[in-house]
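Now for the letters of each chain:
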Amino acid sequence: MKNVGLKSGSPKSGGLNLLRVLGLDTLKEEYAFARSESTGYTSAKKIPDHWVPTTCGYCSVGCGIEIGVKDDKAIASRPHAAHPVNRGKLCPKGLSEHYIIDTDNRAKYPLLRKDGKLVRVSWDEALTVMAERFRATQAKYGPEALGVLSTGQLVTEEFYTLGKLVQLGLGTNNYDGNTTLCMASAVSGYKISFGSDGPPGAYEDMERADVVLLIGANLADNHPILCQYLEANRQQKTVIVADPRVSKTAMMADIHLPLKPRSDLALLNGIAHILISYNLIDREYVAAHTRGFAELETFLEKYTPEYVSNITGISLDVLHKTAFLYGRAKAGFIGWTMGVNHSTLGTATVNAICNLALLTGQIGRTGASPFSITGQCNAMGTREAGFASSMPGYRKFDNSEDRAELASIWGIHESRLPAQRGLAYPDIIEATVAKKIRALWIIATNPLVSYPNQDVLRNGLSNLDFLVVQDGYHPTPTTELADLVLPAAIWGEKEGTYTNSERRVSKVNKAVTPVGEARSDFDIFLALAEKLGMREELYPGWKTVEDAFNEWRLVSKGRLCDYSGINYHMLAEHGAVQWPLTEGAAPVATSRLYADGQFQTADGRAKLVCTEWAPFPEQPGGEYPFILNTGRTVEHWHTRTKTKEVPILERLSPRAWLEMNPRDAKKLGLHSHQSIDVVSRRGRIHGVELRLTEITAPGQVFMPFHFAETNVNEVTQDAFDPISREPNYKQCAVRVEKTLAHAGANS
């Protein structure tokens, strides 16, 4: 008999320990204290041998962080005091980020499905099978039968490497990332209004503006470190938050605009109407730097305060007050996130935001910007370098000069570059449903939780001949369906750069050895290129990610997103540096785009766009009387793959909930903390905790989207912006009913 009861186990093991039962094992090693130079008297196991500076791998704020390392294990996280973004602070996710590296659900070895089961194989076999199956699929069905879905969480060097591999090596342009699910409308809106992607302003503008208008942006939950910019010089500015919910950020505001769901476009057009009517626009700027004013002025005539008040539910007095505050501001800042982007009218709404900035000349100046606050840690990196929605360097697929320039840099014939963008994320999924895409490569994303209307996705994935999922974690709902799982190194285990929402490039550093046989995505991409016989052609002489960065610097040179003056030594010295930075130039503390009034259009003028409001696609009524809104909670990240493994975060928020106004609950006979089901025309979410609160208005309900166990995307609709192809996650019609004891799981 094994004497397991006499072993001193750690608290994590939870096994029987006779010495502990007898009171003889006090776990003195586990709970020993020691003195640290930086933290004083603290837990001995939390004192690292050294600290490694890096950049946080969650959201787009781009906080500087240090990883404490002991015996090649990450044991602590703390703010990087010298980093210019977070100013010595971190949110709960950042402070506990070291926990995500060594978890039970890390993917450690390549797994290949044989006889219906995923079994461990060598890297050589995994990559050989991958290359052969991809080529066989393309030979049988055509090159476009292969699709690739990427992420916003790789380093820029990996995005650049992957783009070349997909477009030139694998020869398919059916390639997109999950950034389309969060940022595509901002990208499309910037392109239409200004001629190029790229947020014009900086975080500093939030503390230098005298009026800050936030639309569908709950910074306190989504980007909490940015709240310190709002709080700085609090007495000198007015903060206005437009949001259907009384979010945490709305509670911080001087004025909350509780507009009806998806009426933000009407609100913006109404503000523009008032600005023009009261001559609160910068006519000199409009005449010198824009086109389309006459058409816009005529178009906006219908958006009278009375008309807009009826659509939005905002009173006439508050509409006028909001317009006057912004129109008379010395420096007006408009920020937005998913509340704007997650819409069938997301691009149009971004254009309307840009209209306000252009009409008042609130762009390119300190404190003045229409500012898209990005979602993922490196969504900007893939937008700039990733070769998905545009060619690297914000080059346009349909511009022959852009194609010729890029082909010349790479030493290839222009015909190898696609003349149009391939399928966007939702269209790739539709192509799997239609059996036009037969092989799919999914990288660092978990669509079996994050994609809207899950039935459509499951249908599409079931049609595939071959599915590869490359991730740092397994099992996830998506990896469990894979034919091949490739284990990837994650944050803390690899090197590169991230670019944050204000175009600030930060270094990402390796602190510990990757778990098991996990490899960095960069190494996986190069190894696959080797199997395809194209490594040297695509990546001549490359050995490290710095080789990729230096080629990207060359490709970006002279472009709006010019990285040519940035190098790894500079990033180590300064902590983070904004683009554009031309070769040989010294970095400045803060830069802004379009300060000279010259835009990335043929005539150098920005475009004023007429954007018509319309109701959202699925209106409530009948069997489905409520409008469902979705969003985040500060403790978790996306599909919870990482944060559910962080004990403190999981304990703070272990399960999903549905917010409902008490007046609605009373009519339905429902009570707080009761178990309820949420039902739409597409599916049912079973067994969700009901929370009654005045935060959510009558007729509306709210649910976070992080939880696979009670997945809100069982009920959301697959309606998309026609331009950006971003999903309309935030408004669908549902009913709420008491959970029955005999009810099954999600159906």
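Residues numbered from 1 in each chain as written. Predicted model: local features only at pLDDT ≥ 70, side-chain atom pairs only at ≥ 80, totals over all residues. Heavy atoms only, no water.

**Observations concerning the sheet that holds strand 26 (residues 684-692)**
- Sheet architecture is closed into a barrel: 6 strands sit in the order 23-27-24-26-25-28, paired in mixed fashion. Each neighbouring strand pair of the sheet contributes to a mean axis angle of 45°, computed without reference to strand direction.
- Relative to strand 26, strand 24 (residues 657-660) runs parallel, the two sharing 4 bridges. When the bridges of strand 26 are listed, Trp-657 appears paired with Glu-689. (Pairing = 2+ DSSP bridges. Helix = DSSP H or I, 4+ residues; strand = E, 2+ residues; numbered from the N terminus. Axes fitted to C-alpha atoms, helices over the stretch in contact; angles between N-to-C directions.)

**Notes on the side chain of His-80**
- Summarising the element assignment, His-80 is placed in the loop between strand 5 (73-79) and helix 2 (92-95).
- Beyond its immediate sequence surroundings of up to four residues, His-80 is in contact with Pro-53, Gly-64, Ile-65, Glu-66 and Asn-86. (Contact = heavy atoms within 4.5 Å.)

**A look at the pattern of salt bridges**
- Inspection of the entire model under this criterion finds 42 salt bridges.
- The salt bridge involving Glu-650 is made with Arg-640; its shortest N-O contact spans 2.9 Å. Residue Glu-650 is found in helix 26 (residues 647-652), and its partner Arg-640 is found in the loop between strand 23 (626-631) and helix 26; the two are separated by 10 residues along the sequence. For the pair formed by Glu-650 and Arg-640, the shared burial category is buried.
- Taking the shortest distance from any N to any O, the salt bridge between Glu-709 and Arg-640 comes out at 2.9 Å. Residue Glu-709 is located in the loop between strand 27 (700-704) and strand 28 (732-738), and its partner Arg-640 is located in the loop between strand 23 and helix 26; the two are separated by 69 residues in the primary sequence.
- If you follow the salt bridges from partner to partner, you end up with Glu-623, Asp-677, Arg-684, Arg-735 and Glu-737 in one network. (Salt bridge = Lys/Arg side-chain N within 4 Å of Asp/Glu carboxyl O. Buried < 20%, exposed > 50% of the residue type's maximum accessible area, 1.4 Å probe, protein only.)

**What about the environment of Ser-556?**
- Residue position: Ser-556 is located in helix 24 (residues 545-556).
- Judged by its relative accessible area of 0%, Ser-556 is buried.
- Between the C-alpha atoms of Ser-556 and Ala-81, which are 475 residues apart in sequence, the distance is 30 Å.
- When neighbours within four sequence positions are excluded, Ser-556 is seen to be in contact with Cys-561, Asp-562, Tyr-563 and Ser-564.

**Observations concerning the environment of Glu-659**
- Note on placement: Glu-659 falls in strand 24.
- By relative accessible area, which is 8% here, Glu-659 ends up buried.
- Separated by 553 residues in sequence, Glu-659 and Arg-106 have C-alpha atoms that sit 33 Å apart.
- Those residues within four positions of Glu-659 in sequence are excluded, and the remaining contacts are Arg-245, Arg-691, Thr-693, Ile-695, Thr-696, Gln-700, Val-701 and Phe-702.
- Within polar-contact distance, the side chain of Glu-659 engages the side chain of Arg-245 at 2.9 Å. (Polar contact = N/O pair within 3.5 Å; in protein donor to acceptor, adjacent residues only side chain to side chain.)

**Focus on helix 3 (residues 123-141)**
- With 19 residues, helix 3 should reach 27 Å at 1.5 Å per residue; the first-to-last C-alpha distance of 27 Å fits that figure.
- Those residues of helix 3 lying buried are Trp-123, Ala-126, Leu-127, Val-129, Met-130, Ala-131, Phe-134, Thr-137 and Gln-138.
- Of the residues one or two after helix 3, Gly-142 is the one with positive phi, at around 105°. (Expected span 1.5 Å × (residues − 1).)

**Here we look at the confidence of the model for the chain**
- Averaged over every residue, the pLDDT of the chain is 94; the share at 70 or more is 96%.
- Note that pLDDT drops below 50 for residues 1-14; the model gives that stretch 17 contacts with residues more than four away or on any other chain.
- Between residues 743-747, whose pLDDT stays under 50, and residues either more than four places distant or in other chains, the model counts 12 contacts. (pLDDT = per-residue confidence, 0-100.)

**Section: the pairing of strand 17 (residues 466-471)**
- Counting buried residues in strand 17 gives 6 out of 6 residues, a clear majority hidden from the surface.
- Alternating residues of strand 17 divide into Phe-466, Val-468 and Gln-470 and Leu-467, Val-469 and Asp-471, and every residue in both groups is buried.
- One ladder, built from 5 bridges, connects strand 16 (residues 439-443) with strand 17; its direction is parallel. Looking at the pairing, Ile-442 lines up with Val-469 of strand 17.

**Here's the deal with unusual backbone geometry**
- Here the amide bond leading from His-474 into Pro-475 is cis, since omega sits at 5°, within 30 degrees of zero.
- With respect to the helices and strands, the residue Pro-475 is situated in the loop between strand 17 and strand 18 (484-487).
- Of note, the bond from Trp-579 into Pro-580 is cis; its omega dihedral lies within 30 degrees of zero at 0°.
- Considering the arrangement of structural elements, one finds Pro-580 in the loop between strand 21 (576-578) and strand 22 (606-607).
- Here the phi dihedral of Arg-503 falls at roughly 70°; this positive angle occurs in a residue that is not glycine.
- Along the chain, Arg-503 turns up in the loop between strand 19 (496-499) and strand 20 (504-508).
- With relative accessibility at 0%, the residue Arg-503 sits in the buried group.
- Positive phi is not limited to glycine here, since His-638 has a value of about 45°.
- For His-638, the location among the structural elements is in the loop between strand 23 and helix 26.
- You can call His-638 buried: its relative accessible area is 16%.

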